[in-house]
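Now for the letters of each chain:
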2 protein chains.
Amino acid sequence: MRRVAIIGCGMTKFGEHWDTGLRDMVVEAGLNAIQDANLPGEKIDAGYIGTMASGSFIGQEHIGALIADYMGLNPIPITRVEGACASGSLALRQGFMAVASGLHDIVVVGGVEKMTDLDGSMVTDVLGGAGDQEWELFLGATFPGIYALMARRHMYEFGTTEEMMASVAVKNHRNGSKNKYAQYQNEITMDTVLKSKAVASPLKVFDCSPVTDGAAALVLAPLELASSFTKKPVEILATAQASDTIALHSRQSLTGIKATTIAAEKAYKMAKVTTKDIDVVEVHDCFTIAEIMAIEDLGFFKKGEGGKASLEGRTAIGAEIAVNTSGGLKACGHPVGATGVKQAVEITWQLRNEAEGRQVKDVEIGMTHNVGGSGATAVVHIFGKGN
Amino acid sequence: MRRVAIIGCGMTKFGEHWDTGLRDMVVEAGLNAIQDANLPGEKIDAGYIGTMASGSFIGQEHIGALIADYMGLNPIPITRVEGACASGSLALRQGFMAVASGLHDIVVVGGVEKMTDLDGSMVTDVLGGAGDQEWELFLGATFPGIYALMARRHMYEFGTTEEMMASVAVKNHRNGSKNKYAQYQNEITMDTVLKSKAVASPLKVFDCSPVTDGAAALVLAPLELASSFTKKPVEILATAQASDTIALHSRQSLTGIKATTIAAEKAYKMAKVTTKDIDVVEVHDCFTIAEIMAIEDLGFFKKGEGGKASLEGRTAIGAEIAVNTSGGLKACGHPVGATGVKQAVEITWQLRNEAEGRQVKDVEIGMTHNVGGSGATAVVHIFGKGN
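What counts as what
Position labels on residues start from 1 in each chain and follow its written sequence. Chain A is the first chain written and ligand 1 is the first ligand written, with later ones labelled in order. With pLDDT at 70 or above as the cut-off, local features in this predicted model cover only qualifying residues; side-chain atom pairs require 80 or more to be listed or tallied, and sums for whole chains, interfaces and linings still use all residues. A score between 0 and 100, pLDDT records how confident the predictor is in each residue. Placing C-beta atoms from the backbone, we regard two residues as in contact once those atoms come within 7 Å. Secondary structure follows DSSP: runs of H or I at least 4 residues long count as helices, runs of E at least 2 residues long count as strands, and numbering of each begins at the N terminus. Three classes are used: nonpolar for Ala, Val, Leu, Ile, Met, Phe, Trp, Tyr, Cys and Pro, charged for Asp, Glu, Lys and Arg, and polar for all others, with Gly counted as polar. Pairing between strands is defined by DSSP: at least two bridges between them are needed. To superpose the copies, least squares is applied to the C-alpha atoms of every residue with a pLDDT of at least 70 in both. Put plainly, a residue is buried at 20 or more neighbouring C-beta atoms within 10 Å of its own, exposed at 12 or fewer, and partly exposed in between, counting only other residues' C-beta atoms, which are placed from the backbone.

Here chain A averages 97 in pLDDT, and 100% of its residues register 70 or above. For this predicted complex, the interface confidence score (ipTM) comes to 0.96, while the overall pTM stands at 0.97.

This is the structure in structure tokens:
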């Protein structure tokens with residue numbers, strides 16, 4: 001199996017892009033990544049695109065071919081992959097395999113979602129398709145409600161408080177304020193979060209990631225060819241994916257995501273590193289409680305101690321482990337199919353020492369953690385310097 | 001790159017399954033394939049599922065995780081891939097890469113679509129998402145209309161007739177009548193086709209593939225391990241995929257699908273065979289004109305001579321090249337995401353000499369050809385005996 005490197009990356013600003021369609025966003029992010037890789041277009045062999053629900057959001061399936069067309073990349077193959085909110089990471093994982101297998105050399109990986117063409121209630125309905133349509137959504141369980149159940153149980157079992165959850169939002173907005181691609185570049189206070197309207201108690205508006213348009217892209221190459229394109233290749237040291245039940249009611253525990261734990265174990269083993277080696281991590285904070293569970297499930301803190309650790313500032317830049325330097329899904333925004341790729345873009349910038357204003361010192365190893373639905377899919381990637 | 005074999009296959013009957021949901025059909029096809037491979041479930045490492053538009057058809061995305069759950073395969077990773085009507089073949093292609101790369105050993109590949117929960121006009125609308133939503137569907141160009149344009153041009157340039165197209169339907173119904181999994185197991189006459197109602201002239205009801213529910217599945221393994229599961233492994237000799245413009249109006253020609261030609265060239269090269277070596281082929285006959293174009297684009301007949309060859313019976317079982325022994329999309333039915341996998345199931349049966357009632361003699365090499373949309377994606381696989 002060949003070693004695989006990221007040789008370029010790019011993204012659009014995340015936000016509400018009323019005047020920009022899905023195809024425009026993909027082209028912008030893709031060209032940014034290709035230019036970043038100093039890559040002549042004709043060297044590209046294949047592509048993967050992660051998008052969750054373009055059929056429901058904009059009536060367009062067959063996004064792979066659409067992108068090949070609009071990026072001028074015909075006739076190379078581009079394939080769409082989907083795993084709900086983890087679609088972007090699954091695209092990266094398939095791109096990795098395409099290069100690792102030797103079937104392709106230069107592979108472009110993208111993630112995109114155009115969400116704001118529908119109104120809020122319709123978006124909530126489409127996103128419900130990431131859970132169990134028959135046993136959850138049909139009966140009224142939308143995603144804020146599902147994560148609220150997890151939050152309540154976490155509070156009950158471990159004494160996690162609304163302040164602890166709010167501290168995650170405050171930290172991620174602080175990080176996002178340094179990221180020119182983030183949807184929200186404003187800092188917020190604990191008071192703002194705690195006094196915001198309830199969405200599904202205990203989760204309030206500022207505990208939730210927003211509805212967002214955006215795209216992100218990476219260019220992959222065999223590691224041995226990477227240095228001919230870039231001075232700062234980033235190696236993908238591990239890719240791992242795991243599944244759990246689609247419906248929350250079938251899980252053994254509501255206070256963690258088992259698929260995260262399993263994917264993380266596989267990833268640590270594949271990369272031959274431990275939690276302690278990770279300098280910076282992008283985790284899936286679709287809700288603040290999700291970040292607290294993630295930093296526990298990934299092994300950074302013991303189960304039940306993630307909330308306290310967040311409130312104590314141990315996940316800030318410069319503290320024990322820098323979590324969501326991009327601003328996370330909370331401040332950066334969450335165009336679902338794009339998020340996993342954006343996480344890898346942020347880690348690439350951190351490893352290349354290019355995360356202006358939010359750079360973590362002496363980064364050697366970074367990680368991304370992307371969740372589909374309420375945890376039925378989890379994908380973990382580990383990255384290191386490629387030279 | 002490791003060599004990859006099919007060690008088991010299975011499917012549901014294709015048809016209108018009013019009482020069966022998507023998850024039930026996947027489980028049925030998947031278990032059939034796993035049993036066919038004599039495989040203990042715990043040996044399975046990963047899975048891929050092709051489905052075009054489950055979000056729009058049944059409100060359910062995240063099909064990979066859903067299947068892992070309902071097949072009892074948690075926590076192994078299962079990933080959905082989509083390329084419109086070529087989704088099934090793309091799932092097979094990703095499964096191939098997962099095994100070829102060495103990342104996984106035993107991989108289950110499935111394809112599924114549950115289409116009959118919506119009424120006909122809504123299905124047509126959803127399928128329109130396989131073309132260019134903004135420039136075709138929005139302006140009223142549905143798929144029968146798009147293929148009717150291709151048919152008219154083929155008739156104009158090459159003298160192809162409605163009788164020639166009708167002969168494709170008659171032959172495919174004859175083959176389908178021998179296939180217990182086919183939606184339509186009745187033979188039809190030229191008269192039936194020619195006197196059926198116009199859908200988009202010159203295409204009539206019997207020139208069109210139907211709306212269908214169904215699932216199909218394969219089990220893949222490294223070739224060197226295949227003999228421990230089955231006496232009749234089938235090797236995947238080549239996988240190739242190509243893209244063309246998403247909208248028909250941007251194409252250089254309307255009388256062929258360029259992506260098919262390019263994918264076929266790549267596949268022949270990878271498998272080190274030529275058109276003459278192919279004994280049996282499943283082609284993408286979403287409309288009768290599509291089969292005529294396919295047998296030309298794949299090199300079996302010269303451009304413009306496919307219609308005449310069909311009318312002369314040169315594509316029947318026992319003639320020059322056996323085309324669509326399963327009954328094709330026309331008679332077997334076309335649950336879009338399942339079709340590409342079903343094609344590979346049929347070729348596997350042909351190579352194992354198990355296609356009862358429709359077996360081609362002395363099959364050594366088989367091929368599948370699966371198209372997304374009006375030709376923006378084409379996927380070609382070539383198969384041979386694995387021992």
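Further remarks concern the interface of chain B and chain A. Every contact between the two is made by 51 residues of chain B and, on the other side, 51 residues of chain A. Looking at the side of chain B that touches chain A, the elements that each hand over two or more residues are α2 (54-58), α3 (63-70), β3 (78-82), α4 (87-100), β8 (234-243) and α10 (258-271) of chain B. Tallied by class, residues from the side of chain B that touches chain A come to 25 nonpolar, 20 polar and 6 charged. Direction of pairing for strand β3 (residues 78-82) of chain A relative to β3 of chain B: antiparallel, over a ladder of 3 bridges. Of the residues in β3 of chain B, the one forming a bridge with valine 81 of chain A is valine 81 of chain B.

The next subject is unusual backbone geometry. All names here are of chain A. Omega for the peptide link from asparagine 74 to proline 75 comes to 5 degrees, which places this bond in the cis form. The backbone of asparagine 353 shows a phi angle near 65 degrees, a positive value even though the residue is not glycine. Here asparagine 353 lies in the loop between α14 (336-351) and β11 (365-372). Phi angles above zero are rare outside glycine, and aspartate 362 is one such case at about 55 degrees.

Position of methionine 122 of chain A among the secondary structure elements: in helix α5 (residues 120-127). It is 9.3 Å that separates the C-alpha atoms of methionine 122 of chain A and serine 56 of chain A, two residues lying 66 residues apart in sequence.

This part takes up the relation of the copies chain B and chain A. Of the transformation superimposing chain B on chain A, the axial component is 0.0 Å and the angular component is 180 degrees, with the fit at an RMSD of 0.0 Å. Such a combination of rotation and displacement between the chain copies is what one expects of a two-fold axis. Nearest to the rotation axis, the C-alpha of serine 101 of chain B is located 1.8 Å from it, this being the minimum over chain B. When the interface residues of chain B are mapped onto chain A, 100% of them are again interface residues, pointing to one common binding face.

It is worth spelling out the pairing of strand β2 (residues 46-50) of chain B at this point. On any regular strand, side chains alternate: one points to one face of the sheet, the next to the other face. Residues and elements named next belong to chain B. Of all 5 residues in β2, 5 are buried, a share of seventy percent or more. Burial along β2 is two-sided: the face carrying Ala46, Tyr48 and Gly50 and the face carrying Gly47 and Ile49 are both buried. In the sheet, β2 pairs with strand β4 (residues 107-113) via 5 bridges, with the strands oriented parallel. In the strand pairing of β4, glycine 47 is matched with valine 108. Relative to β3, β2 runs parallel, the two being bridged by 4 bridges. Considered in β3, the bridge of glycine 47 is made with isoleucine 78.

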